[in-house]
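Below are the chains, spelled out letter by letter.
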Amino acid sequence: AQKVTQAQTEISVVEKEDVTLDCVYETRDTTYYLFWYKQPPSGELVFLIRRNSFDEQNEISGRYSWNFQKSTSSFNFTITASQVVDSAVYFCALSEPADSNYQLIWGAGTKLIIKP
Amino acid sequence: DVKVTQSSRYLVKRTGEKVFLECVQDMDHENMFWYRQDPGLGLRLIYFSYDVKMKEKGDIPEGYSVSREKKERFSLILESASTNQTSMYLCASSPQSESSEQYFGPGTRLTVT
């Protein structure tokens, strides 16, 4: 059963719009970690953020923000005032240390297209 | 900076050929991973290694083997390439920490004709 769901396959917005990428996860563990990665057209995945299950504080980094809500098992990613350079595929991933031996469980990814 | 390098960005091979994809990391990481990425399917783990000479099968190991003779190098081997192995192959490494992210190489786009 898929444990990380990124329901949005592709999103297209016009530059300067705000956009939110959804990530819903499933786990029975109390200790787990959530990640977001960016894959630009060049192909190399770039790590963006890690959040542990005990820290529900939202995170902001420039135009990027992340909303972690355990009550809804979601870890959503918002880009404010999007730019063309934000065009990429974005992946959400889950680590369950008790179960998965350092492996990550990946969502299918959301392709974000920012139009000028 | 962590650096993960892969031997080729693009590779074209013929059906039945033996193919070696090489991955090297320079951060003394214990863990190394091979994924393939196909449109709509995300990243799928082929094999994982947590130490020299140690390996574990991932979700889709059929048709692949791996070798880890040195800590910094993890090789993916296609014993007899087939057209359905045409894909993007991504290598990653991480330390043995439950909270650590994985660091990725630039990927190898393999075409089997």
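If you're wondering where the values come from, they're calculated on a predicted model, not measured in any experiment.

Rules of the game
- Residues numbered from 1 in each chain as written.
- Chains lettered and ligands numbered in written order.
- Predicted model: local features only at pLDDT ≥ 70, side-chain atom pairs only at ≥ 80, totals over all residues.
- Heavy atoms only, no water.
- Pairing = 2+ DSSP bridges.
- Helix = DSSP H or I, 4+ residues; strand = E, 2+ residues; numbered from the N terminus.
- Axes fitted to C-alpha atoms, helices over the stretch in contact; angles between N-to-C directions.
- Buried < 20%, exposed > 50% of the residue type's maximum accessible area, 1.4 Å probe, protein only.

J.: Quick rundown of the sheet that holds strand S3 (residues 19–25) of chain B? Include the residues and the values.
T.: All names here are of chain B. In spatial order, the strands read S1-S3-S8-S7; together these four strands make up an open sheet with antiparallel pairing. Each of the sheet's edge strands pairs with one partner strand only, and the pair in question is strand S1 (4–6) and strand S7 (65–70). Averaged over all pairs of adjacent strands, the angle between strand axes in this sheet comes to 20 degrees, irrespective of strand direction. Summarising the sheet, S3 and strand S8 (residues 73–78) pair through six bridges and their orientation is antiparallel. Residue pairing for S8: valine 19 is matched across the bridge by leucine 78.

J.: How would you sum up the pairing of strand S12 (residues 110–115) of chain A? Please name residues and give values.
T.: Remark: a regular strand shows side chains that alternate across the two faces of the sheet. All names here are of chain A. Along S12, the buried face is formed by Thr110, Leu112 and Ile114; none of Lys111, Ile113 and Lys115, which line the opposite face, is buried. One ladder, built from three bridges, connects strand S10 (residues 88–95) with S12; its direction is antiparallel. Looking across to S12, one finds that alanine 88 is bridged to leucine 112.

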